[in-house]
Amino acid sequence: MDKFLINGPCKIKGNVSISGSKNASLPILAATLLFDKPVVIKNLPRVRDINTMLNLLKSLGSKIILSRDKKTAKIINKKNMKTFASYSLVKTMRGSILVLGPLISKYHKSKISLPGGCLIGARPVNYHLTALKKLGMKYELKDGYILAKSKGKLSGTTINFPKISVGATENSIIAACLAKGKTILKNCAIEPEIKDLTNFLNKAGAKIKWKGRVCKIIGVNSLNQTEYSVMADRIMAGTFCIAACLNQGSLEIKNLNPKIINSELNLLKKVGARIKTTENKILIKGPKKIKSIKNIKTKEFPGVATDLQSQLMVLMCKANGKSTITENIFENRFMHVAELRRLGAKINVKKNQAIIRGVNKFVAAPLISSDLRGSIALVLAAISAEGTSRVDRIYHLDRGAENFENKLKKIGVKIKRLK
Ligand code: EPZ
């Protein structure tokens, strides 16, 4: 299993270009199942979850032609696509559930493995199923699979999500594009990745409009041949901003609209960072003394992203004083805490709140990753620790952070991958 050796502390300096967003690419790739005509998706990140989704599409019958740099995929669907997504594909990536909406909408049947829980929480898919049922899908759960079908086209309706869910919003929007009549989705997630999905679908001829958390979709008969470039990864941009704050670094972060990480940039300003933004760039200088923040809370967009919680915790560990972080999205997203303690962090966890007392320094230690964002946080922590840390099980990180170690090397991090 691959691991990183990181020799810290490192001062970060230079510029970094942000790759395409994994969490925007996944629903967009799933939505290509709606198309009869070829679709070209550009700016895909070269990470394992994207390969998994492309393999899933291939297993359903899509022909996929990748560009040399593997960032552009031309996807051509067969007339008769398969509708079966096996456990072996779904178990490696929960995002696979996003093919359910398009398969039902276009092919009116699907057998797809029920995704299990994962380390960050139980992560059920009840909101996906209830919403698709309202659109006309019938389903039963059998032997770990969702067996779903519909009598022809789905029918537009009004759905009020009981809780905001990124995936359920995406699945329902994709399914409603080819449904009969008008669908109104209320209490939707409005993460930038979802807006990217609807920009893509509208470019292909879908009729989707937003007003706050309400999404209105008028069904169309088919979607047009189209090309689309996926948005930049706001979570990776936020991660690099935090990295710059850790040891008085200074970074130019290119290729991202700073507005989509506004909440997080405001937090970093409170921490003491100096930040300048232009239309597609962030210039950030880390503070001499990192100020602690009492009340960080993760929330649905436009709140602070849960996918940046573990990285922010590393920063608060090095702050001057006491901070608290409350995780409001996932029930078990503090697995990195025990590993950070091994570097010298002082963190107490009470239910969904972490109380952090800042320490002057971290001392290197061997660390084990347990999930994607947690492993990114461990890399940041190792960068700011004195000595050589080993970060094990980085296959989690390879699921979603494109070219991470090379980008870090370029900005001054002493990092080596061991195979
Ligand atoms: C998406 O997961 C992202 N994944 C996650 O990123 C991200 O952390 C999350 O949204 C929140 O922003 C992708 O985009 C592929 P949810 P998703 O449905 O769609 C509960 C990463 O590291 N819930 O908004 O699964 C759920 O358990 C990943 O890149 C139900 O109870 O998130 C959670 O507590 C990790 N029933 C909350 O809602 C449901 O049917 C929000 O989940 C659906 C969700």
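This text goes with the structure placed above it.
Because the structure is predicted, anything quoted here is derived from the model rather than measured.

Participant: It is not clear to me how the overall build of the protein chain should be interpreted in this structure. Could you clarify?
Facilitator: Check the secondary structure of the protein chain and you find 14 helices and 25 strands. Relative to the 2.2 N^0.38 estimate, which gives 22 Å for 419 residues, the radius of gyration of the protein chain is 22 Å and therefore close to what a compact globule would have. Overall, the C-alpha framework of the protein chain stretches about 65 × 45 × 45 Å when taken along its three principal axes. Burial statistics for the protein chain: of 419 residues in total, 57% are counted as buried. Of all intrachain contacts in the protein chain linking residues separated by at least 6 positions in sequence, the fraction that spans at least 24 positions is 73%. Carbon together with sulfur atoms contributes 49% to the accessible area of the protein chain, which is approximately 17800 Å² in total. Taking the 77 positively charged and 26 negatively charged side chains of the protein chain as two groups, their mean positions are separated by 3 Å.

Participant: Can you walk me through the nonpolar core in this structure?
Facilitator: L201 and I284 are the most contacted members of the largest nonpolar core, which has 147 residues in total. Top contributing element to this core by residue count: helix 8 (residues 234–246), with ten residues. With sequence-adjacent residues up to four places away left out, L201 is seen in contact with A31, L34, I173, C177, A206, I208 and L223.

Participant: How should the pairing of strand 17 (residues 281–285) be read in this particular structure?
Facilitator: Every other side chain in a regular strand lies on the same face of the sheet, so the side chains alternate between the two faces. Only one face of strand 17 is covered, namely the one carrying I282 and I284; the face carrying K281, L283 and K285 has none of its residues buried. Pairing of strand 16 (residues 274–278) with strand 17, which is carried by five bridges, proceeds in the antiparallel orientation. Its bridge partner lying in strand 17, K276 is registered against L283. Linking strand 16 to strand 17, which pair antiparallel, is a turn of two residues.

Participant: Just to check I follow, could you spell out the packing of helix 5 (residues 126–134) against helix 6 (residues 166–176) for this structure?
Facilitator: For any two helices packed against each other, one specifies the crossing angle of their axes together with the interaxial distance. Viewed as axis vectors pointing N to C, helix 5 and helix 6 meet at an angle of 25°, and their least axial separation amounts to 8 Å. With respect to their mutual orientation, helix 5 and helix 6 come out roughly parallel. Here helix 5 runs over helix 6; the crossing is right-handed. Touching Y127, H128, A131 and L132 of helix 5 are G167, A168, N171, S172 and A175, all from helix 6.

Participant: Honestly, the packing of aromatic side chains in this entry has me stumped. Any pointers?
Facilitator: Two aromatic rings are characterised by how far apart their centres lie and by the angle between their planes. Enumeration over the complete set of coordinates arrives at four aromatic pairs. For the pair F240 and F404, a centre-to-centre distance of 5.8 Å together with 65° between the ring planes defines the contact as edge-to-face. Within this pair, whereas F240 is found in helix 8, its partner F404 is found in helix 14 (residues 404–410), the two being separated by 164 residues in sequence. Following the ring pairs from residue to residue traces out a cluster consisting of F35, F200 and Y228. The residue whose ring lies beneath K111 is Y145, and the NZ or CZ to ring-centre distance is 4.8 Å. When the ring centre of F362 is taken as reference, the NZ or CZ atom of K318 above it lies at 4.9 Å.

Parameters and conventions
Residues numbered from 1 in each chain as written. Predicted model: local features only at pLDDT ≥ 70, side-chain atom pairs only at ≥ 80, totals over all residues. Heavy atoms only, no water. Helix = DSSP H or I, 4+ residues; strand = E, 2+ residues; numbered from the N terminus. Rg over C-alpha atoms; globule rule 2.2 N^0.38 Å. Buried < 20%, exposed > 50% of the residue type's maximum accessible area, 1.4 Å probe, protein only. Contact = heavy atoms within 4.5 Å. Areas by Shrake-Rupley, 256 points an atom, 1.4 Å probe, with all protein chains shown as cover. Lys, Arg positive; Asp, Glu negative; His and termini not counted. Charge placed at Lys NZ, Arg CZ, Asp CG, Glu CD. Core = buried A, V, L, I, M, F, W, Y, C linked by side-chain atoms within 4.5 Å. Pairing = 2+ DSSP bridges. Axes fitted to C-alpha atoms, helices over the stretch in contact; angles between N-to-C directions. Parallel < 35°, antiparallel > 145°, perpendicular 65-115°, else oblique. Left-handed = near helix turned anticlockwise from the far one by under 90°. Phe/Tyr/Trp six-rings, centres within 6.5 Å; stacked < 30°, edge-to-face > 60°. Lys NZ or Arg CZ within 6 Å of the ring centre and 35° of its normal.

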